Amino acid sequence: MKKDLCFGPKKLYGLKMADLSVDLGFLQLQNPVIAASGTFGYGLEFSPYLDPNNLGGFVVKGLYFYPREGNPPPRLGETPCGILNSIGLQGIGVKKFVREILPQIRKYQTPIIINVCGEEDQEYVSVVEFLNQHPGISAYELNISCPNVKKNGRCPALDPQDTFSIVRAVKKVSSLPLITKLSPNVTDIVEIALSAQQAGTDALSLVNTFLAMDVDPQTRKPTLANIYGGLSGPAIKPIALRMVHQVAQNVGIPVIGMGGIMSGEDALEYLIAGARAVEVGTANFVDPESTVKIINQMKKYCEQKGIPRIESVVGSLKI
Amino acid sequence: MKKDLCFGPKKLYGLKMADLSVDLGFLQLQNPVIAASGTFGYGLEFSPYLDPNNLGGFVVKGLYFYPREGNPPPRLGETPCGILNSIGLQGIGVKKFVREILPQIRKYQTPIIINVCGEEDQEYVSVVEFLNQHPGISAYELNISCPNVKKNGRCPALDPQDTFSIVRAVKKVSSLPLITKLSPNVTDIVEIALSAQQAGTDALSLVNTFLAMDVDPQTRKPTLANIYGGLSGPAIKPIALRMVHQVAQNVGIPVIGMGGIMSGEDALEYLIAGARAVEVGTANFVDPESTVKIINQMKKYCEQKGIPRIESVVGSLKI
Amino acid sequence: MKDSQAEIIHKQTWNEYILLEIYSPRISSQSQPGQFLMIRINPQLHPLLRRPFSIHSTKGSRIEIFFQNSGLGTSLLSRKKIHDQLDIIGPLGKGFFLDNSLREKEVVLIGGGRGIAPLFFLAQSLRTFPCGVKIFYGGKTHKDLPLKDRLEEKRFDLYCSTDDGSYGYKGYVSELFEATFPSLNPKAVFACGPEEMMKKISHLTQQQKIPAQFSLESMMGCGIGACWGCVKRIKKKGSEEWIKICEEGPVFRSEEIVWS
Amino acid sequence: MKDSQAEIIHKQTWNEYILLEIYSPRISSQSQPGQFLMIRINPQLHPLLRRPFSIHSTKGSRIEIFFQNSGLGTSLLSRKKIHDQLDIIGPLGKGFFLDNSLREKEVVLIGGGRGIAPLFFLAQSLRTFPCGVKIFYGGKTHKDLPLKDRLEEKRFDLYCSTDDGSYGYKGYVSELFEATFPSLNPKAVFACGPEEMMKKISHLTQQQKIPAQFSLESMMGCGIGACWGCVKRIKKKGSEEWIKICEEGPVFRSEEIVWS
Ligand SMILES: Cc1cc2nc3c(=O)[nH]c(=O)nc-3n(C[C@H](O)[C@H](O)[C@H](O)COP(=O)(O)OP(=O)(O)OC[C@H]3O[C@@H](n4cnc5c(N)ncnc54)[C@H](O)[C@@H]3O)c2cc1C
Ligand SMILES: Cc1cc2nc3c(=O)[nH]c(=O)nc-3n(C[C@H](O)[C@H](O)[C@H](O)COP(=O)(O)OP(=O)(O)OC[C@H]3O[C@@H](n4cnc5c(N)ncnc54)[C@H](O)[C@@H]3O)c2cc1C
Ligand SMILES: Cc1cc2nc3c(=O)[nH]c(=O)nc-3n(C[C@H](O)[C@H](O)[C@H](O)COP(=O)(O)O)c2cc1C
Ligand SMILES: Cc1cc2nc3c(=O)[nH]c(=O)nc-3n(C[C@H](O)[C@H](O)[C@H](O)COP(=O)(O)O)c2cc1C
Ligand code: FES
Ligand code: FES
């Protein structure tokens, strides 16, 4: 356990403001903290709690071409240091999004990333082709790793071939940089990462949620109507961090790390392990100001340690 | 969150003692709670805290043929609701075990299960051939899933072929029932389970620990000297439970479930999901009396719900 | 909006039921009956999520919550002491819909168990609306009616029931309501409690063509419309949808709710 | 052995240092200086593991622990109040080895920071052994010597150092010991503190051929020899091994320890 206490107020004489910006190659972020898909709504829900302009970026909730009903409730459960969800990507579809949401969020200076979903390869392509025509988006995050859509958590990110073919298909039509989001539910995450890289993705983000379940012994029913769901939150951090470390060591493209980030220290662990930026998910529910607090904690860390540029922390694990 | 509170004292009029025994086919257990390998020492360490005769059984720490040094410290870290270990199977080897430990633990009525390890298939075979000659052991648990021995967590349980060949080789020489312990670090746990079943294992136990890592952002060093280690404890329960459910639905042999069991309710969740017995690991560190408390909590549950035989709970998930 | 250090000023306990008075001028001044709060129980990571609680009342710069100890989060909350501070988001959601046509009319409020929590705030507001307020309050046994005295003190017309008959009418509060109904002729009904209870009252009031509103519960991840976890089946312009109750509820009208 | 409801009787706080007096006749009567306890901080699942603390003293039916708030577990423990109860396993491990040859001789105890914790119990035992006891006590700054007054009250010969010179000798306590050494001629040295400090004292005492014992720290999973997590490199009959310090320590002799 490390302590957030380290971030307590300390007088900082003569220290310059740390430069938190990171360069993803295709995109420069003012800081490494991106709000994760499905946990930040469409970007408007958090405006009473923070100014989205202060974030490194935000990813909107997964979008299919068509509106989706999502799964029946209960859709959420709490587990030790984690949450289980089977939202099932309920959503408004890409057309309504462009009509009703995009005009409202386009005004933010911060990069907007669209989490692209599809039942079949063709639907992913349709989403991207449609969105290509609408300005105000900085990148696509290809969600090939949601465990809540098909039976038993099947998704393209479980297989290197499936990953290759979908990434290739989307990359071909995309006019924006492509981030491919990987699943942790695999034996060899590096193999999948290399497939996505070979297919031309510009970056990787990982991890999506872990396929999991919970049971109420009093009723003998699963907590989720859907039986299985995705586990996220601090519980998964050590596994996700290991995967980010493995992938970052083996690919030549930027890696965006996530899983259980609750504090600036957690985010820094991912950077040290090799991630160039991070996404923050579940923490947004626990405290809607989380992303901004995490950014401030990272800033303090750099200032206290005399680190002028946070990019120098990336991949700096001491072995 | 379910509450242990449910187990509070209640007067139970006219209820008969619940029968907690479970039948693994090759082995009858007086109750479904087995102390897990590596967390119960060699079975003697807990005698100040409980009487091992009250357990369903216990699995001793993993045994190689030869003594092993284990990994350098730090070997342990704590993560949110979990612990990370890279003990690296330090141990006394099978000969010293038979000489010094077995005579002391043989006196227990409760079944003793040996966790069998090996660097190569041949070493597993040697351990079993050697132990075959020594009475007092009830079954072998084949540990083909320890993430702390080879680089990057490699182990036979990650691959169906490797699993098949080692299980087949050991089964051929074993004079005792064989439980094969699976790794959760795989894309498709059912595939591996079916391989082990086909190779002739008498039962399956799952899960071993999740390959994971942790970093101290203050020093930028990994928490473990070994960098990667195995994650256990309540954090992993929802993932492990899902795997047990998947496997139990697809195999025809008994499944022993484990991962993060801290209470009787946790153990019952595994039974409801299809496990016939459970192993309790990390909880032994948090409270050395855990196993006995869990057994008592399961008994109370049965009595309060009027369940005469706990076996009726196995696989009773209501969907 | 967030109050990260709202101080507990007063605490009252009846077995598993707890009433906390909390200092928060902001929440107090912004709240409407039926709205709720998301409270972080402690800064550790277990339990992780905030827990939702209805606003039980506002008085001056203070608010109250009333809750039942029914699990890990509420049990930890019940152990908080005076001067402890809470991290609270709110007020959230939409409250009960108060319609000018109700002025000077008779209305009925029905609370089952902890479901009484939001109705006290509502009752006080309705009284000054003004309306004639009758409160039905049911529980398993007399220990589950801890607010009875308080409601009597405030001189609300109170009808109590217990499943075991240990206080008031013997049976469900929905049955008591049904039995009493002919003599009441309410212009509106507001209810909160177990789903089965609300469902029965919904059928009954629809039969009688009396508008009714229900405060629904669901597992909530965020309380602010971001996780899509808290959905209930709601009729919207003819078609049914999964609607987030934290955002568009937790109060819905009888005719909107698709009971499961 | 376990005391699952050992009550906190008294508490004293100096900034980040805390002294708790705990009621446990059993532990008190069974403990030897150098042994330790595994304390469960709270019944929730985070933090999960027990934390190890040396026995700081025993008095009658009570024991004391003295600790530094240095992370999540100790910070939660530091917030416990009088009458709160702790779940404690212990006494565990082997204590300091007290040899009859030390009777009536001079010995030196050296504590760095919170490393003073086990030495107070040892000092009191040695005094009645009897031995002449000199205590070296070092910290970063004068605030890191909270037990100074207590040790003086008990009339131990006390030598203090601070890294910044704000109290006593300016420099490391190992340097103060080295500088003072010629005038002391101790028959044995007992030390606990940061690894670097102990290492220096180990070298120094080995040069001078004075037997020394050190209380080591390591991350502990169980404290009872079951997890094999707490190992240190120890020389056993010539060869080096990873030895569990919870079981065969935490105290080892200078010549056994392979410093890293
Ligand atoms: C809008 C709203 C207002 C509420 N107002 C009150 C009130 O005024 N007084 C009161 O006593 N109770 C109220 N509740 C219910 C209360 O939130 C739950 O009893 C509480 O969250 C249980 O938490 P726990 O940790 O004690 O129980 P747990 O052990 O976590 O679980 C017990 C039960 O509570 C449910 N639960 C757990 N967490 C949540 C959550 N985050 N959201 C919703 N349900 C959850 C679980 O599904 C489970 O069935 C309200 C719920 C909602 C949705
Ligand atoms: C035999 C022994 C006796 C000790 N006696 C005392 C004492 O009398 N007074 C005192 O102040 N401290 C003592 N310690 C150290 C004390 O146990 C740690 O400071 C405490 O565990 C830190 O817990 P935390 O949650 O506050 O810190 P964390 O935030 O968890 O971590 C801070 C540091 O403490 C270490 N740590 C965490 N958990 C453990 C653990 N279970 N075992 C060992 N180290 C851990 C971590 O490695 C980390 O470096 C002793 C340690 C040992 C091994
Ligand atoms: C309620 C919920 C909804 C989510 N929806 C999406 C989604 O639409 N698309 C996606 O790629 N990931 C989705 N995720 C996964 C998160 O973006 C993130 O990968 C995961 O939660 C791990 O990060 P965390 O531990 O910080 O939450 C969702 C997660 C949660 C908890
Ligand atoms: C310190 C430690 C040592 C372990 N050693 C072994 C071992 O020797 N052999 C084995 O099969 N599993 C070993 N395990 C794995 C456990 O038996 C168990 O599979 C795992 O911890 C999950 O259960 P839990 O969450 O209840 O701990 C070890 C686990 C821990 C924490
Ligand atoms: S609780 Fe998150 S959307 Fe309603
Ligand atoms: S702490 Fe577990 S063996 Fe020492």
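Summarised in this report is the structure supplied together with it. (Residues numbered from 1 in each chain as written. Chains lettered and ligands numbered in written order. Predicted model: local features only at pLDDT ≥ 70, side-chain atom pairs only at ≥ 80, totals over all residues. Heavy atoms only, no water.)

1. Topic: the overall build of chain C
From N to C terminus, chain C includes 7 helices and 16 strands. Taking 18 Å as the expected radius of gyration for a compact globule of 260 residues, we find that chain C reaches 18 Å, a close match to that expectation. Its C-alpha atoms put chain C at 50 × 45 × 35 Å along the principal axes. Counting all 260 residues of chain C, 60% fall into the buried class. Nonlocal contacts in chain C, meaning residues at least 24 apart in sequence, comprise 64% of its contacts between residues at least 6 apart. (Helix = DSSP H or I, 4+ residues; strand = E, 2+ residues; numbered from the N terminus. Rg over C-alpha atoms; globule rule 2.2 N^0.38 Å. Buried < 20%, exposed > 50% of the residue type's maximum accessible area, 1.4 Å probe, protein only. Contact = heavy atoms within 4.5 Å.)

2. Digging into the sheet that holds strand β6 (residues 82-85) of chain A
Strand order across the open sheet formed by 4 strands is β5-β6-β14-β11 (chain A), with antiparallel pairing between neighbours. Single-partner strands in this sheet number two, and they are β5 (76-79) and β11 (210-213) of chain A. Strand-to-strand, the axes of this sheet are offset by a mean angle of 40 degrees, without reference to chain direction. Note: β6 of chain A against strand β14 (residues 228-232) of chain A, 3 bridges, orientation antiparallel. For isoleucine 83 of chain A, the partnering residue across the bridge sits in β14 of chain A and is serine 232 of chain A. Packed on one face of the sheet, helix α5 (residues 237-250) of chain B meets β5, β11 and β14 of chain A and runs near 75 degrees to β11 of chain A. (Pairing = 2+ DSSP bridges. Axes fitted to C-alpha atoms, helices over the stretch in contact; angles between N-to-C directions.)

3. Description of the interface of chain D and chain C
Taken together, the contacts link 6 residues of chain D with 6 residues of chain C. Contact with chain C buries surface across chain D, with Gln44, Leu45 and His46 of chain D losing the most and accounting together for 68% of the total. Across the contact surface, chain D and chain C share 2 residue pairs in polar contact (both at pLDDT 80 or more). Across the side of chain D that touches chain C, the residue classes break down as 3 nonpolar, 3 polar and no charged. (Buried area = accessible area lost by both parts, 1.4 Å probe. Polar contact = N/O pair within 3.5 Å; in protein donor to acceptor, adjacent residues only side chain to side chain. Nonpolar A, V, L, I, M, F, W, Y, C, P; charged D, E, K, R; others polar.)

4. A few points about the environment of proline 33 of chain D
All names here are of chain D. Along the chain, proline 33 turns up in the loop between α1 (25-30) and β3 (36-40). The class for proline 33 is buried, based on a relative accessible area of 7%. Sequence spacing of proline 33 and leucine 126 is 93 residues, and the spatial spacing of their C-alpha atoms is 9.5 Å. Discounting chain neighbours no more than four positions away, the residues touching proline 33 are Gly95, Phe96, Phe121, Leu122 and Ser125.

5. Thoughts on the relation of the copies chain B and chain A
Superposition of the two copies of the chain requires a rotation about an axis and a shift along the axis. The transform that puts chain B on chain A rotates by 180 degrees and translates by 0.0 Å along the axis, for an RMSD of 0.0 Å. Considering both components of the superposition, the chain copies are consistent with a two-fold axis. Interface residue correspondence from chain B to chain A reaches 100%, placing this contact among same-surface, isologous pairings. (Least-squares fit on C-alpha atoms with pLDDT ≥ 70 in both.)

6. Considerations on the relation of the copies chain D and chain C
If you rotate chain D by 180 degrees and push it 0.0 Å along the axis, it lands on chain C with an RMSD of 0.0 Å. The fraction of interface residues of chain D whose copies in chain C are also interface residues reaches 100%, indicating that both copies meet through the same surface.

7. Some thoughts on the packing of helix α6 (residues 264-272) of chain A against helix α8 (residues 290-305) of chain A
Two numbers describe a pair of packed helices, the interaxial angle and the distance between the axes. All names here are of chain A. Contact geometry for α6 and α8: axes closest at 8 Å, N-to-C directions at 65 degrees. Here α6 lies roughly perpendicular to α8, going by the angle between them. Crossing hand, α6 versus α8: right-handed. In this structure, α6 uses Gly264, Ala267, Leu268, Leu271 and Ile272 to contact α8, whose residues at the interface are Ile294, Gln297, Met298 and Tyr301. (Parallel < 35°, antiparallel > 145°, perpendicular 65-115°, else oblique. Left-handed = near helix turned anticlockwise from the far one by under 90°.)

8. Some details on the environment of leucine 20 of chain D
All names here are of chain D. With respect to the element layout, leucine 20 can be found in strand β2 (residues 17-23). Accessibility expressed as a relative area gives 0% for leucine 20, which makes it buried. Through-space distance from the C-alpha of leucine 20 to that of isoleucine 9 is 7.5 Å; in sequence the pair is 11 residues apart. Look past the residues within four positions of leucine 20 in its chain and what remains in contact with it is Ile8, His10, Lys11, Ile63, Glu64, Ile65, Phe67, Leu77 and Leu86.

9. Quick word on the interface of chain B and chain A
Listed by partner, the interface residues are 51 residues for chain B and 51 residues for chain A. Counting across the interface, chain B meets chain A through 1 salt bridge. For lysine 237 of chain B, the salt bridge goes to aspartate 214 of chain A, with nearest N and O atoms at 4.0 Å. Of all elements in the fold, only β5 (76-79), β11 (210-213), β12 (215-216), β13 (221-222), β14 (228-232), α5, α6 (264-273) and α8 (290-305) of chain B reach the threshold of two or more residues within the side of chain B that touches chain A. With 8 residues, the top contributor of residues to the side of chain B that touches chain A is α5 of chain B. Among the residues making up the side of chain B that touches chain A, the classes are represented as 28 nonpolar, 11 polar and 12 charged. (Salt bridge = Lys/Arg side-chain N within 4 Å of Asp/Glu carboxyl O.)

10. Quick look at the nonpolar core
One finds Phe97 of chain A together with Phe97 of chain B to be the most contacted residues of the largest nonpolar core, which totals 308 residues. Dropping the residues within four chain positions of it, phenylalanine 97 of chain A is found in contact with Tyr42, Val60, Leu63, Ile92, Leu102, Pro103, Ile105, Ile114 and Leu131 of chain A. (Core = buried A, V, L, I, M, F, W, Y, C linked by side-chain atoms within 4.5 Å.)

11. What about the packing of aromatic side chains?
Across all of its chains, the model carries 30 aromatic pairs over all chains by this definition. Seen in terms of ring centroids, phenylalanine 65 of chain A and tyrosine 66 of chain A are 5.0 Å apart; in terms of plane orientation they differ by 75 degrees. Their pairing is edge-to-face. For phenylalanine 65 of chain A, a relative accessible area of 15% corresponds to the buried category. Judged by its relative accessible area of 56%, tyrosine 66 of chain A falls in the exposed class. Every member of this aromatic cluster is reached through a ring pair, and the members are Phe40, Phe46, Phe58 and Tyr108 of chain A. For arginine 68 of chain B, the ring lying beneath its charged end belongs to tyrosine 64 of chain B, and the centroid distance is 4.1 Å. (Phe/Tyr/Trp six-rings, centres within 6.5 Å; stacked < 30°, edge-to-face > 60°. Lys NZ or Arg CZ within 6 Å of the ring centre and 35° of its normal.)

12. Side note on the pattern of salt bridges
Within the structure shown, the criterion is met by 57 salt bridges over all chains. We note a salt bridge from lysine 237 of chain A to aspartate 266 of chain A, for which the minimum N-O separation is 3.0 Å. You can see lysine 237 of chain A sitting in helix α5 (residues 237-250) and its partner aspartate 266 of chain A sitting in helix α6, a full 29 residues away along the chain. Note on accessibility: lysine 237 of chain A and aspartate 266 of chain A belong to one class, buried. Of the charged contacts, one joins lysine 2 of chain C and aspartate 287 of chain A as a salt bridge, the two residues approaching to 2.9 Å between their closest N and O atoms. Of this pair, lysine 2 of chain C sits in strand β1 (residues 2-14) while aspartate 287 of chain A is found in the loop between α7 (283-286) and α8, placing the two residues in two different chains. The two residues lysine 2 of chain C and aspartate 287 of chain A agree in class, both being buried.

13. Observations concerning α5 of chain B
All names here are of chain B. Relative to the 20 Å expected for 14 residues at 1.5 Å per residue, α5 spans 20 Å between its end C-alpha atoms, a close match to the ideal helical length. For α5, the tally of buried residues reaches 11 of 14 residues, placing the bulk of the element in the interior. Inspection of α5 places Lys237, Pro238, Ile239, Ala240, Leu241, Arg242, Met243, Val244, His245, Gln246 and Val247 among the buried residues, and these make up the whole buried set. (Expected span 1.5 Å × (residues − 1).)

14. Side note on the sheet that holds strand β4 (residues 51-54) of chain C
Strand-to-strand pairing in sheets goes through backbone hydrogen bonds, with the strands running parallel or antiparallel. Residue and element names in this part refer to chain C. If you trace the 7 strands from one edge of the open sheet to the other, you get β4-β3-β7-β1-β2-β6-β5, paired in antiparallel fashion. Each edge of the open sheet carries a strand with a single partner, namely β4 and β5 (57-59). Between one strand and the next, the sheet's axes are offset by a mean angle of 40 degrees, whatever the strand orientation. Here β5 runs beside strand β6 (residues 62-68); their pairing, made up of 3 bridges, is antiparallel.

15. Some details on a negative patch on the surface
All names here are of chain C. A contiguous patch of negative charge, built from Asp163, Asp164, Glu175 and Glu178, is present on the exposed surface. Within the secondary structure, aspartate 163 sits in the loop between β10 (157-162) and β11 (169-170). The class for aspartate 163 is partly exposed, based on a relative accessible area of 32%. (Patch = residues over 30% accessible without salt bridge, like charges linked within 9 Å, V, L, I, M, F, W, Y side chains within 5 Å. Areas by Shrake-Rupley, 256 points an atom, 1.4 Å probe, with all protein chains shown as cover. Lys, Arg positive; Asp, Glu negative; His and termini not counted. Charge placed at Lys NZ, Arg CZ, Asp CG, Glu CD.)

16. Focus on the packing of helix α4 (residues 189-198) of chain A against α5 of chain A
All names here are of chain A. Where α4 meets α5, the closest approach of the two axes is 9 Å, and the angle between their N-to-C directions is 45 degrees. Considered as vectors, α4 and α5 are oriented oblique to each other. Between α4 and α5 the crossing geometry is right-handed. In this structure, α4 uses Ile189, Val190, Ala193 and Leu194 to contact α5, whose residues at the interface are Met243, Gln246, Val247 and Asn250. For the contact of α4 with α5, a count of residues per class yields 6 nonpolar, 2 polar and no charged.

17. Thoughts on the pairing of strand β7 (residues 85-92) of chain D
Residue and element names in this part refer to chain D. Counted residue by residue, β7 has 7 buried out of 8 residues, so it is predominantly covered. As paired elements, strand β1 (residues 2-14) and β7 share 4 bridges and run antiparallel to each other. Note that in β7 the partner of aspartate 3 across the bridge is isoleucine 88. Inspection of the sheet shows β3 paired to β7 by 4 bridges, in the antiparallel sense. In the sheet register, phenylalanine 36 faces β7, and the bridge partner there is leucine 92.

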